[in-house]
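The chain contents come next:
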Amino acid sequence: DAMVIQNPRYQVTQFGKPVTLSCSQTLNHNVMYWYQQKSSQAPKLLFHYYDKDFNNEADTPDNFQSRRPNTSFCFLDIRSPGLGDAAMYLCATSGTANTEAFFGQGTRLTVV
Amino acid sequence: GENVEQHPSTLSVQEGDSAVIKCTYSDSASNYFPWYKQELGKRPQLIIDIRSNVGEKKDQRIAVTLNKTAKHFSLHITETQPEDSAVYFCAALRGSNYKLTFGKGTLLTVNP
């Protein structure tokens, strides 16, 4: 059974048109992460939460925002997608420090 | 912030040989070190992890060693098989803020 679910799996958006990616989890984990992964590269951390405590990476563009309305859901908003934002976006969760992070299947974003 | 260096970026071995991937980290507050395997088009999946109070951990053909003093940790795969071919990522977690940082990855190819 899927434990970290990302929707949609594939998203095509127009240049400059806002887009929202979603992530839900059935694990009741406190920590949620958003990563951006471009082809043949490592996952790059954009944001993470411990409960509602939000941590924004210093080099995450202002174009990217995140919301976590409750434990189960987390959203990634891209306000004005550019061609360089095309990537796989991965959501992950973990229960506490020093435990496994579980990844969703990712959303592949294409910007046209 | 944390910086995780991973070497080599590519590794090609013959089936049955051993493979070793090495990582170093910069943040002495990091205390959890997972290794992920990512097959093409799929999500990263945990294969083994080690906590900072342990020097070595083994799970069948896979082992990880950690040298806290030198801030490096290594993945060892013995008796490699073609299905071990994938990209492997090391990561380091700072327990105080749950920040999980990835290395750049190693593309492992096991030739039959």
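Residues numbered from 1 in each chain as written. Chains lettered and ligands numbered in written order. Predicted model: local features only at pLDDT ≥ 70, side-chain atom pairs only at ≥ 80, totals over all residues. Heavy atoms only, no water.

A. Seen up close, the overall build of chain B. Within chain B, the secondary structure is distributed over 0 helices and 11 strands. Whereas a compact globule of 112 residues would reach a radius of gyration of roughly 13 Å, chain B reaches 13 Å, a difference of no more than 12%. Total accessible area on chain B is roughly 5500 Å²; 46% of this is exposed by carbon and sulfur atoms. The averaged location of the 12 negative side-chain charges in chain B is 8 Å from the averaged location of its 13 positive side-chain charges. (Helix = DSSP H or I, 4+ residues; strand = E, 2+ residues; numbered from the N terminus. Rg over C-alpha atoms; globule rule 2.2 N^0.38 Å. Areas by Shrake-Rupley, 256 points an atom, 1.4 Å probe, with all protein chains shown as cover. Lys, Arg positive; Asp, Glu negative; His and termini not counted. Charge placed at Lys NZ, Arg CZ, Asp CG, Glu CD.)

B. Fine view of the environment of A:Ser66. Residue and element names in this part refer to chain A. Structurally, Ser66 can be placed in strand E7 (residues 64–67). As for Ser66 and Gln14, which are separated by 52 residues in sequence, their C-alpha atoms are 20 Å apart. In contact with Ser66, other than residues within four places in its own chain, are Trp34, Phe47, Tyr49, Phe54, Cys74 and Phe75. Engagement of the side chain of Ser66 in a polar contact is seen with the backbone oxygen of Phe75, the distance being 2.9 Å. (Contact = heavy atoms within 4.5 Å. Polar contact = N/O pair within 3.5 Å; in protein donor to acceptor, adjacent residues only side chain to side chain.)

C. Focus on unusual backbone geometry. Cis geometry is found at the peptide bond from A:Asn7 to A:Pro8, where omega equals -10°. Residue position: A:Pro8 is located in the loop between strand E1 (4–7) and strand E2 (10–13). Of the consecutive residues B:His7 and B:Pro8, the connecting peptide bond is found in the cis state with omega at -5°. Relative to the elements of secondary structure, B:Pro8 occurs in the loop between strand E1 (4–7) and strand E2 (10–14). Positive phi outside glycine occurs at A:Asp51, with the angle close to 55°. Mapped onto the fold, A:Asp51 is located in the loop between strand E5 (44–50) and strand E6 (53–56).

D. Region of the structure containing the interface of chain B and chain A. At the interface, 18 residues of chain B touch 22 residues of chain A. For B:Lys99, the salt bridge is made with A:Glu57, and the minimal N-O distance between the two is 2.8 Å. At the junction of chain B with chain A, the criterion picks out 8 residue pairs in polar contact (both at pLDDT 80 or more). Of all the elements in the fold, those that place two or more residues in the side of chain B that touches chain A are strand E4 (30–38), strand E5 (45–51), strand E9 (86–94) and strand E10 (99–102) of chain B. Among the elements that line the side of chain B that touches chain A, the one with the most residues is E4(B), at 4 residues. Looking at side-chain class alone, the side of chain B that touches chain A contains 9 nonpolar, 5 polar and 4 charged residues. (Salt bridge = Lys/Arg side-chain N within 4 Å of Asp/Glu carboxyl O. Nonpolar A, V, L, I, M, F, W, Y, C, P; charged D, E, K, R; others polar.)

E. Looking closely at the sheet that holds E1(B). Residues and elements named next belong to chain B. Overall, antiparallel pairing links the 5 strands, which are arranged E1-E3-E8-E7-E6 in an open sheet. In this open sheet, the two strands that pair with only one neighbour each are E1 and strand E6 (56–59). Within this sheet the neighbouring strands show an average axis-to-axis angle of 15°, counted without direction. Note that E6 and strand E7 (residues 62–67) share 4 bridges and pair antiparallel. (Pairing = 2+ DSSP bridges. Axes fitted to C-alpha atoms, helices over the stretch in contact; angles between N-to-C directions.)

F. Representation of the sheet that holds E1(A). Residues and elements named next belong to chain A. Overall, antiparallel pairing links the 4 strands, which are arranged E1-E3-E8-E7 in an open sheet. If you trace the sheet from one side to the other, it starts and ends with E1 and E7, each paired once. Taken pair by pair, the neighbouring strands of this sheet meet at an average axis angle of 20°, ignoring direction. Two elements, E1 and strand E3 (residues 19–25), share 4 bridges in a ladder whose sense is antiparallel. Looking across to E3, one finds that Asn7 is bridged to Ser22.

G. Seen up close, the state of the cysteines. All told, the structure shown has 2 disulfides over all chains when counted by the stated rule. B:Cys23 shares a disulfide with B:Cys90; S-S distance 1.9 Å. The sign of the -100° torsion about the S-S bond sets the B:Cys23-B:Cys90 disulfide as left-handed. Taken together, the positions of B:Cys23 in strand E3 (residues 19–25) and B:Cys90 in strand E9 put the pair 67 residues apart, joining distant regions of the chain. In this structure, B:Cys23 and B:Cys90 share a single accessibility class: buried. The cysteine A:Cys74 is free of any disulfide, with A:Cys91 supplying the nearest cysteine sulfur at 5.9 Å. (Disulfide = S-S within 2.5 Å. Buried < 20%, exposed > 50% of the residue type's maximum accessible area, 1.4 Å probe, protein only.)

None of this, on its own, says anything about what the molecule does.
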